[in-house]
Each structure stands twice: as C-alpha cells, then as structure tokens.
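Topology and contacts: notes
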Amino acid sequence: MTTKLFGERVLRAEDPRLVTGNGRYLDDLGHDALEVAFVRSPHAHARVVDIDVTEALDVDGLVAIYTYDDLLADSEDHGTRVAEPLPLLIPHPTLTHGRTQHALARDEVNYVGEAVVMVVAGTRYAAEDAAERIRVDYDFLPAVVGIEAARTAAHLVHDDVPGNVAARMVQETGDADAAIDAAPHSLELELSIERSASMPMEGKGVLASWDADDESLTVHTSTQTSTSVRQAVAAKLALPVDRVDVVTPDVGGGFGVKIVHPWPEEVLVPWAALRLGRPVKWTEDRREHFVSSAHERAQLHQVRVGYDDDGRLLGLSVRVWHYHDAYIPYGLIVPIITSTQLLGPYKPGVYRVEFESLYTNTVIVTPYRGAGRPQGCFVMERTMDAIAADLGLDRSVVRERNFIQPGEMPFDQGLVFQDGRPLIYDSGDFPASLDKLRKLVGWDDFEAYREVARAAGRRVGIGIACYVEGTGVGPYEGGHIRVETDGTVVVSTGLTTQGQGHQTMLAQIVGDELGVPFERIRVTTGDTRRFKYAVGTFASRTAVMSGSAVALTARTVREKALRIAAQALEASVEDLEIVDGDVRVKGTAPGQQGAHIDLGAVAVLSNPLRYAFDEAARRATQFAAPADPDKPPVEAGEHPGLEGTDFYSPTRSTFANGMHAVIVETDPDTADVKVLRYCVVHDCGTLINPMIVEGQIHGGVAQGVGGALYERMEYDASGQLLNASFMDFLMPYASEVPEVEIDHLVTPSPLNPLGVKGAGEAGVIPGSAAIAAAIEDAEGIPIRRMPISPSELFHLRQTHGQDPA
Amino acid sequence: MKISGTSTLTADRAAVYRALNDPAVLVATIPGCRRLEALGEDAYKMTVAAGVGSIKGVYDGEVRLTDHVEPSRFTLKAQGAGAPGTIGADVLVTLEEDGGRTVLSYEADAVVGGMIGGVGQRMLTGVSKKMADEFFRNVDAVLSGAAPSALGGAEPAVPQPAAGTAPGSVFTAPAAAAPAGAQPGFVVGVAVGAAAALVGAIVGGWIASRRRG
C-alpha cells in the first residue's frame, strides 16, 4: 500500500531548505538590479510645496529621481495609469467616502511614511544617500491622530470627507434595543483594543525586469497574491496582462499585510524597470515597514446587552468605531468581520451592530492575522464574563447556555459576511469543545489551585474565550497537476505561500488522491507562469480552497491515468488501482508482468509522439504498437499529456471554531503578568497534517500573547510613530510565549470534498479576550482595554483602591 | 519639459553677448564640452561628454542661433544624441543691463528621448540648472579675467586665420586648463549653445553628475 499521507504528521518538505539558509527571498534575487530608496513624508499631514533634488545630483551612481509629476507625465505620454490613485480593492455600497493614496504623493501627505520621491541608483547605499539629500518643503496641516480626534472631527484628514467617516454600516436581525429594554437584566460596556501589526520578519520587496525584445515584464514580489498583483500591475502600466508575470519567491511571513496590493512600490518598481529598461529592486527596511505598510486592531466598542436570569442573551447591540486611518484601499473587510464574527458560537437573541470606519493621519489599517476577529471576540467574551459576574454564575456555564447546539447546524446568524454571503455556520460542536477545554485546563479544579496559590502569596486567575472563524472564503482557487514521464508529479496552485507548509500539505492531499509517494510530488505556488488563476492567501483559506482544488484535480488526473492504463493493460478501469505510483490490476502481485504500468509510462502513452527522443518515448511513437486505424491518436475530448486542471468554488465560507483557556499569575508588587498555562481546543474539521495545524496554532498564540501584553503602536499627538523599531516595539520572545497545550475536536465541514476548515488565523483570535479574563479573575478588577502593560495594571489597581502591595 | 533660470554676469551686456558667441570661450566653458566645430554663421557642431550611470555617454549635437537682437536676446535651437538618448531644446536667452553687470535669463523647452527621458523631470531639470549655473560661472570667470588661460588654451585645432566662426573651424577644450567647476563628466546639456551659453541650460539635459574618484 502507498503510505497514507492525509492526516499524518508528515515532516515539512520545505524545512531542510529553509532552515539551512537556502530559502530564496526577494532580497536574495536581482543582485545586478538597480536599487530604490524612497523619500517619505516625515509629517502626518502636510501639503507638499516644493521638492529640490539639486544636492542629490552629485551622488555617485544616481540613475533616476521620480516624483508625482513624472507619473503624471507618463500617463500623458504613454497612456499608463500610474498617476491615478491606487485601487480601492474591495468596494462596498456603504463605503461612500473611499480614498486611496497615489503611488507617490501628489500634493498632500496623510501619514508619516507616505512615499513622496523615488530614487533609483546603482546600489541601495547610493539611493539612500541621494534620498537623504533631497529637500521637500511642506506646509503643515493639523494632524488628526487617535480616536477622539477622528470622532470629534475638529480637523479633517481629507477635505472632502465630512466627519472623517468613510463608511457607516448597520446590520440587525430585529429591534435589539427593544429586546434589551424588555430583558430582566442588562448592562453596558465600553471596550477598546490598541494597534498592532503583522510585522513579518521579511518586509515587503519588489524586483522587476522588463525584456524589451520580448516586450514582457517579470515581477518578483513578496506578496500574498501574485495573480492579483499581476492584474493590477498590467492595468497600471497599460500592458496586456499576457505580457506580465508575477512570481512570489520564498516569503518570510505575511500575516495579512502582504495581501494588500498593489502597494505603491509594486507599481513604481515595475514602472521604473519599464522606463529605464533595466532590472530594478526595492527591499523594505524595518522602519519603512513600521511606518509605511499597515497596522490593525485599533477599535473602540460600546456594548448594550439584555439577558435573562440564566444569563441567556435576549438582545445585543454593539457600536464599533474602527480606525482605518489615512486611506482605505482594503475597504471595510476588518470592521465587517468584527461586527459579524463577534457573535462567536452564541445565539445573541436580537442583534444589532453599527460601525463607523474613520480616517486619521496614521498609516493604513488592513487585515492582520485574525482580521477584526480578535476585537470581536474580545467584545463578546468580555460581555459573557460581565454577565456571569452580574448574575454570579460560572463563566463557562453562561457560555454553554448561549451556545448554538450541534443539532442546529447549519445555523444562520441572519447577517451578511465579508464575502457578501450569508453568515451560516456549517459545522461545530461547541458543547463538546467546551467540555474538552474544561478537562484540558482543569476548570473545575481551579478554585482549589487558587487557594493554594493565595496561601503562598501568589495571585492567579483563569479565563476562557471562544470564537468562530469564517475560513476559506471564495471566490475560488484552482490546481494543475501533471504527471511527468519519469513519474514525477508536478502540482501548481496559484495562491502564494509564506512559510505555512503548503507544499507539504498539498503534496499529502495529492499523494493520497493519486496514489503517489510524497517524495515524487513537487508543488509550486504563487507563480503566474505556472498557474494564472487564483485569488490569494488570506482568511485561512489555503487548505480549504487550494487543498480542495488540488484534490479535485488529482481525481480527474487519476481518472485519465486509469483510462489510459486500462487500454494498455487491456483491463477495465474498475479493476485498476494506483499504488506507489504504479497502476495495477487489483489483486495482482506488485510488478506482475502484464498486470501493471507505472504512472510515468502512462504519461508517455498519454502523449502520442512522432519522435522517440528518449527510450521512454519510444512507447508512444506511431509504430510502437498497433492502433485503431479509425480513431485519431488523440480522441475527441481528450488532450495530450497526463495532466488536468480543476477549480474549487464554494457557495460560502466554512466556519472553524475553538476555545482557549489561560491561567495567569500577576505579581502583587510589579503587576507583571505571566502566562502559566495556555490551553487550546481547536476544531478545523478534518486535519490534513496535525503537526502543521499545531504549528499554526503555536504561532497564532504567540501573536495573541503579544497583542494582549506587549505590542502597541505608540503614536504621539502629531502622528509620529515613537516605537518604530524592534528595540522599541515589543514582540514576545520564546521566553514570553507559553507552552501551548492543544486538543482537537474534529467536526468535518460538509462544504468541501476534504471536510477541512481553515486553521491559519485561529490561534491569535481569543488571545486578548482570554488573557483579559484571566487577569480580571486574578485581580478582581474589570479589564476593558487591551493590551495591558504592568504599568497600566498597576494604575488600575490604584484606581480601584488596591494599595500597592 | 520647461527649464528656466537667471544668472548675473560681471560684465556689460555687449561683452557677455560676444563671449557667448565666441566658440573659443564656449568650448572652454561648457561643462564636458570636448569639441566645437563651426558649421557656418551661428551654427555649431559639438561633442559633450555627459551623463552618469545609465545615461552616461558622449553626445553629439548641433546648435543654431537665431532671432538675434544684439545685444539683448537670441534664440538657441539645439539637438543632441548619444547612446543613452536624445535631446532637443529651444532656448530663449535675454540679456539685461544692470549697472555694468548683465542679468541673463533663459527659458528652455526641451524634449528628451530614450533613457534620458526615463530618469525623472526633477532630475533632468536639476542637472540642467546645475550645468547652466556652472557654465555661467565659467563664462563669468573668463569675462572677469579670473580664468584667462581658458581662452588662451582653446586654439583652433585647424588653422583658420579668419574669424573663429568660419565653417570648419574646430575648437577643442584645453586638456589641463578647464575652469574650476567644469570637470569633464558633469554634464550637461547639451545644447548649448553656442552662444549662449546657455548651453548647459539648454539642453538640459544631460544629466550628469560626477563620479567620485
């Protein structure tokens, strides 16, 4: 038998290459390319008055200096669209005041870090030297920084956007206010979450080469969507899409920030390569990533909830103020996700949610792993804990009473999700998950543990948080599989990979479907030369979308292989099986003469030949075997080659879920917070590779802990980011990330052929909610804002009348 | 692409006008100018080494002076081409007296092609202005006598007893006597003009910058 691959802890095929330093990241490419540096705005809000490049001209190796005027001239001279604002990628009817930036600032800058001048030189050193000598004169405008400034709108970010409001959206399932007013109990909460960011170890980067003879452009970019970058670059540069290819090399992390496209640099670098006729490269440095890529998370929430004596929700009304900041290229995806996924595994009674998406003069907000869900989860789980506290009930019991039951699946929440489709949960067994979690963390034994700790002068607390995550959003992904004549199986899918182990996971699927050993499978992602139709890697969708697509593709290739083998073996298709890459008649011994043919030979036969270019090819030539003289060598409806392409397009997202429990200890003196245990029960449906899933959970938890206790973007009142370096922006190290204890619950998705649900983002979602709950439990002080630092906890203690110990 | 600027020269208008129409002065003062050949009345052929990086090269061009209103104005039409690209420019030069000094103004309308056209407007205009400034400084040094050797060193390479502007007269830049600031390699413009000087300005275009070391 072929070794079973699906569901096994197969070691990642990528790792020997990546962990020995043999990855090929963007900056490993294009050593002969010209290099780019940008002059970026040092001001949060200003008009560009003048740009003086005189002093830069003496820099040795300088090649070109571009400003917005050059983009404008180019559009007039060449019909390009480089001078237009960058696209608003996801329009929405309620997004009435969408504004996006120009690739280079036209006359106004709206955040520190906005690109104003592009310098091209022989080396990055020269480009940086020249950029440093360019003088830009600004007229300052009042900077709108922070929640209050945006809401009060004393000053506007964009003159033509009243109130700094890009969009206002309401979703409701009935009259929530009436339901709350009529409820036996009600309470209100004001909550907020601070900014953080994806912060991949590798920033963005672009390398572009124009082949003037072939009239073709090749772009390498560190992106989460090569196919859409391709479309965008072609559109911007007025090139036929056919003349543009985008290749994603190894990517050192994305976490959402690289799904945004085209970044200004993804337009400008290819454009410069086109105009200069030479390869041009830009590699983002760390400060650039901090100030000019994207952040997420910052939101303010007001909650009103009504509930009965048992803690069951009767009505829930939430208002969300979301800060998308200077521009809104990615539309309303983050606040839509917050406002819908907030509901988690619960039935909210009557629900109403309203959000405003606001402009400020800080760098844009676009999805970061979790994409609005951590905020929504924080809101709902803080509400659950508040209800439990109000009624004096066990926090897990209040949750349990509000769960959607397994028998109620599929469950329609009555809202519209981020993909424009109904928010219908397809699967999950929330009571079973909670039972697992309580056992895993020892929920029922915790009070005894608390007493022991208290006797020893220690403060400990426990918290839980539950989430439901829509994953695998459409519209589609595809796969192409070709069996080479040596039996190698080449798999391509169009979405990109950033280190998640996609090659391994997809090879496991194809290996089982096709009956081929893992080692014989080669997987390519994110290369439009290989596969041109794809959407991208986001929303925990690769396993669901590309996994399903390559499974379907493998099935068609398998059918074709069996058809050809059946002819060659003079057997019927039903009697054949594929084992270890060998098609054989069932019940015969491996290698039995005349009863088997390996897939490589089937591939040879699939492609009728005139010329025997090698030994294997002889079998497919015209005199090799008798053929039916009345049939064409390639029959109608067939294609040469043992290959196939198929696509998977679901009607709607599939919903994964999970629950986290955290035990923390807070220092009575310093208010330092230490995570003692972190337990996860996770349901992503059928597991393709439990090791990879657990790795995803570990990474997510690390980011969740970071977002709860350490990470924030410290902007001052004038819009300067004060902690734009790894010296100042705290990310958790291994020393801060707890050991993660994981238990899986498998409720397969009925929506896709593999029964899988996404796992990429899950680990991060309940972090702030669960840790806030645990700190609240340890301290007896309501925690309403996250992240929380020891200083903030210390001051909270003082505010609540606790003397420093 | 429009380029304009002014420069004040420490000589009267007639002297400036004459200098700008003297090929021996021009070849010594146009930054990067290697060779200047008179093609006839008010027409010159010139070779300028200019550029840096991707547009570095030797450019050959022609300059014609028209619409003379001596000593107050003239127009200079320049065209140049080199491996990195092409430049064409019309430059209006006006001279005004200012208490024994001359205020020179130029307005150029340049069209660039090839690689040169791809390096950015501000860079082109920046280089052009810088070259023009350098050119005028050089001319001013000659006029004020600070750089006498410039004139003396620029002898016609082909004996031409008549006026230096006779067709076929060839002027080459003195190898060792270039005025300060006119290091070869800083480019410029092309065009220049004959007279005018403007040269640098004019043309605007070549970009250049110098290689260190």
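Quick summary incoming for the structure in this document. None of these values were measured; they are calculated from a predicted model. (Residues numbered from 1 in each chain as written. Chains lettered and ligands numbered in written order. Predicted model: local features only at pLDDT ≥ 70, side-chain atom pairs only at ≥ 80, totals over all residues. Heavy atoms only, no water.)

1. Regarding the overall build of chain A
From N to C terminus, chain A includes 19 helices and 29 strands. What you see for chain A is a C-alpha radius of gyration of 29 Å, in line with the 28 Å of a compact globule of 805 residues. Counting the 805 residues in chain A, one finds 61% classified as buried. Contacts in chain A between residues far apart in sequence, at least 24 positions, make up 80% of those at least 6 positions apart. For chain A, the accessible area works out to roughly 29,600 Å², and carbon and sulfur atoms hold 51% of it. Each charge class in chain A can be summarised by its mean position, and for the 71 positive and 115 negative side chains these summaries are 3 Å apart. (Helix = DSSP H or I, 4+ residues; strand = E, 2+ residues; numbered from the N terminus. Rg over C-alpha atoms; globule rule 2.2 N^0.38 Å. Buried < 20%, exposed > 50% of the residue type's maximum accessible area, 1.4 Å probe, protein only. Contact = heavy atoms within 4.5 Å. Areas by Shrake-Rupley, 256 points an atom, 1.4 Å probe, with all protein chains shown as cover. Lys, Arg positive; Asp, Glu negative; His and termini not counted. Charge placed at Lys NZ, Arg CZ, Asp CG, Glu CD.)

2. A look at the overall build of chain B
Along the backbone of chain B there are five helices and eight strands. Along chain B, from the amino end to the carboxyl end, the secondary structure elements read β-α-α-β-β-β-β-β-β-α-α-β-α. Looking at the 213 residues of chain B, the share that counts as buried comes to 57%. Counting contacts in chain B only where the partners sit at least 6 residues apart, residues at least 24 apart contribute 60% of the total. Split by element, the accessible area of chain B, about 8,000 Å² in all, is 51% carbon and sulfur.

3. Re the sheet that holds strand 18 (residues 459-471) of chain A
Hydrogen bonds along the backbone pair up the strands of a sheet, which may run parallel or antiparallel. Residues and elements named next belong to chain A. Strands sit in the order 18-26-27-28 across an open sheet of four strands; the sheet is mixed. Each of the sheet's edge strands pairs with one partner strand only, and the pair in question is strand 18 and strand 28 (740-744). Taking each pair of neighbouring strands and ignoring which way they run, the sheet shows an average axis angle of 15°. When strand 18 meets strand 26 (residues 654-666), the two strands line up antiparallel, connected through 13 bridges. (Pairing = 2+ DSSP bridges. Axes fitted to C-alpha atoms, helices over the stretch in contact; angles between N-to-C directions.)

4. Digging into the sheet that holds strand 4 (residues 108-109) of chain A
All names here are of chain A. With antiparallel pairing, the three strands of this open sheet are ordered in space as 4-2-6. Only two strands of the sheet have a single neighbouring strand rather than two, namely strand 4 and strand 6 (135-140). As paired strands, strand 2 (residues 46-52) and strand 6 are joined by six bridges and run antiparallel to one another. Residue A46 lies in a different strand from strand 6, and its bridge partner there is F140.

5. Considerations on the pattern of salt bridges
All names here are of chain A. In this structure the tally under the stated criterion is 69 salt bridges over all chains. Residues E265 and R40 are paired through a salt bridge, measuring 3.0 Å at the closest nitrogen-oxygen approach. You can see E265 sitting in helix 7 (residues 264-276) and its partner R40 sitting in strand 1 (residues 34-40), a full 225 residues away along the chain. Overall, E265 belongs to the buried group, its relative accessible area being 2%. Since its relative accessible area comes to 14%, R40 is described here as buried. Residues joined by salt bridges that share partners form a network here, namely R40, R124, E128, E265, D285 and E288. (Salt bridge = Lys/Arg side-chain N within 4 Å of Asp/Glu carboxyl O.)

6. Comments concerning the packing of helix 1 (residues 13-20) of chain B against helix 3 (residues 121-143) of chain B
Between two packed helices, the angle of one axis relative to the other and the distance separating the axes together describe the packing. Residue and element names in this part refer to chain B. Contact pair helix 1 / helix 3: the axes reach a minimum separation of 11 Å and the direction vectors enclose 115°. Put simply, helix 1 runs roughly perpendicular to helix 3. By crossing handedness, the relation of helix 1 to helix 3 is classed as right-handed. Contact residues: A15, V16, A19 and L20 in helix 1; F135, V139 and L143 in helix 3. In terms of residue class, the contact of helix 1 with helix 3 is made up of seven nonpolar, no polar and no charged. (Parallel < 35°, antiparallel > 145°, perpendicular 65-115°, else oblique. Left-handed = near helix turned anticlockwise from the far one by under 90°. Nonpolar A, V, L, I, M, F, W, Y, C, P; charged D, E, K, R; others polar.)

7. Concerning the packing of aromatic side chains
Considering all chains together, one arrives at 15 aromatic pairs over all chains under this definition. Relative to F430 of chain A, the ring of F403 of chain A lies with its centre 6.0 Å away and its plane at 50°, an arrangement referred to as tilted. Here F403 of chain A, found in the loop between helix 11 (395-402) and strand 16 (411-416), pairs with F430 of chain A, found in helix 12 (residues 430-441); they are 27 residues apart in sequence, far enough to count as distant. For F403 of chain A, a relative accessible area of 1% gives the class buried. Between Y106 of chain B and F136 of chain B the ring centres are 5.9 Å apart and the planes differ by 35°, which places this aromatic pair in the tilted class. Remark: F136 of chain B occurs in helix 3 and Y106 of chain B occurs in strand 7 (residues 101-114); sequence separation between them is 30 residues. Judged by relative accessible area, Y106 of chain B falls into the buried class, the value being 2%. On the accessibility criterion, F136 of chain B (1% relative accessible area) is buried. Clustering of aromatic rings is evident, with ring pairs tying together F290, F726 and F729 of chain A. (Phe/Tyr/Trp six-rings, centres within 6.5 Å; stacked < 30°, edge-to-face > 60°.)

8. Re the environment of T654 of chain A
Residues and elements named next belong to chain A. Mapped onto the elements of the fold, T654 is located in strand 26. On a C-alpha basis, the gap between T654 and I424 in space is 8.4 Å, while along the polypeptide they are 230 residues apart. Beyond its immediate sequence surroundings of up to four residues, T654 is in contact with D426, E469, G470, T471, V544, S749, L751, N752, V756 and K757.

9. Brief notes about the packing of helix 10 (residues 373-391) of chain A against helix 11 of chain A
Residues and elements named next belong to chain A. Contact geometry for helix 10 and helix 11: axes closest at 9 Å, N-to-C directions at 115°. On the basis of their axis angle, the class for helix 10 and helix 11 is roughly perpendicular. Handedness of the crossing formed by helix 10 with helix 11: right-handed. Two secondary-structure elements touch here, helix 10 through E381, M384, D385, I387 and A388 and helix 11 through R395, V398, R399 and N402. Across the contact of helix 10 with helix 11, the residue classes break down as four nonpolar, one polar and four charged.

10. Focus on a negative patch on the surface
All names here are of chain A. Residues D50, D52, E55, D137 and D139 make up a contiguous surface patch of negative charge. Of all elements in the fold, only strand 2 and strand 6 reach the threshold of two or more residues within the negative patch. For D137, the location among the structural elements is in strand 6. (Patch = residues over 30% accessible without salt bridge, like charges linked within 9 Å, V, L, I, M, F, W, Y side chains within 5 Å.)

11. Here's the deal with the environment of T670 of chain A
Mapped onto the elements of the fold, T670 of chain A is located in the loop between strand 26 and strand 27 (673-683). Linking T670 of chain A and D213 of chain A, residues 457 residues apart in sequence, is a C-alpha distance of 68 Å.

12. Here's the deal with helix 9 (residues 333-341) of chain A
By the criterion of burial, helix 9 of chain A is predominantly enclosed, with nine of the nine residues buried. Among all positions in helix 9 of chain A, only I333, V334, P335, I336, I337, T338, S339, T340 and Q341 of chain A are buried.

13. Focus: the nonpolar core
Residues and elements named next belong to chain A. Within the largest apolar cluster, 130 residues are counted, with the highest numbers of intra-cluster contacts made by L316, V318, Y425, L709, I771, I775 and M786. With eight residues, helix 10 is the largest single contributor of residues to this core. Residue contacts for I775: discarding those within four places in its chain leaves V664, T666, V673, L709, G780, I783, I788 and L793. (Core = buried A, V, L, I, M, F, W, Y, C linked by side-chain atoms within 4.5 Å.)

14. Observations regarding unusual backbone geometry
Put simply, M409 of chain A and P410 of chain A share a cis peptide bond, and its omega is -5°. Position of P410 of chain A relative to the elements: it lies in the loop between helix 11 and strand 16. Each neighbour pair has its own omega, and for M786 of chain A with P787 of chain A the value is 0°, a cis peptide bond. For P787 of chain A, the location among the structural elements is in the loop between strand 29 (785-786) and helix 19 (790-799). The phi angle at S540 of chain A is positive, at roughly 45°, despite the residue not being glycine. Mapped onto the elements, S540 of chain A comes out in the loop between strand 21 (521-525) and helix 15 (542-569). Residue classification places S540 of chain A among the buried positions, given a relative accessible area of 10%. For D67 of chain B, which is not glycine, the phi torsion reads 55° and is therefore positive. Here D67 of chain B is to be found in strand 4 (residues 57-69). The exposure class assigned to D67 of chain B is exposed, which follows from its relative accessible area of 53%.

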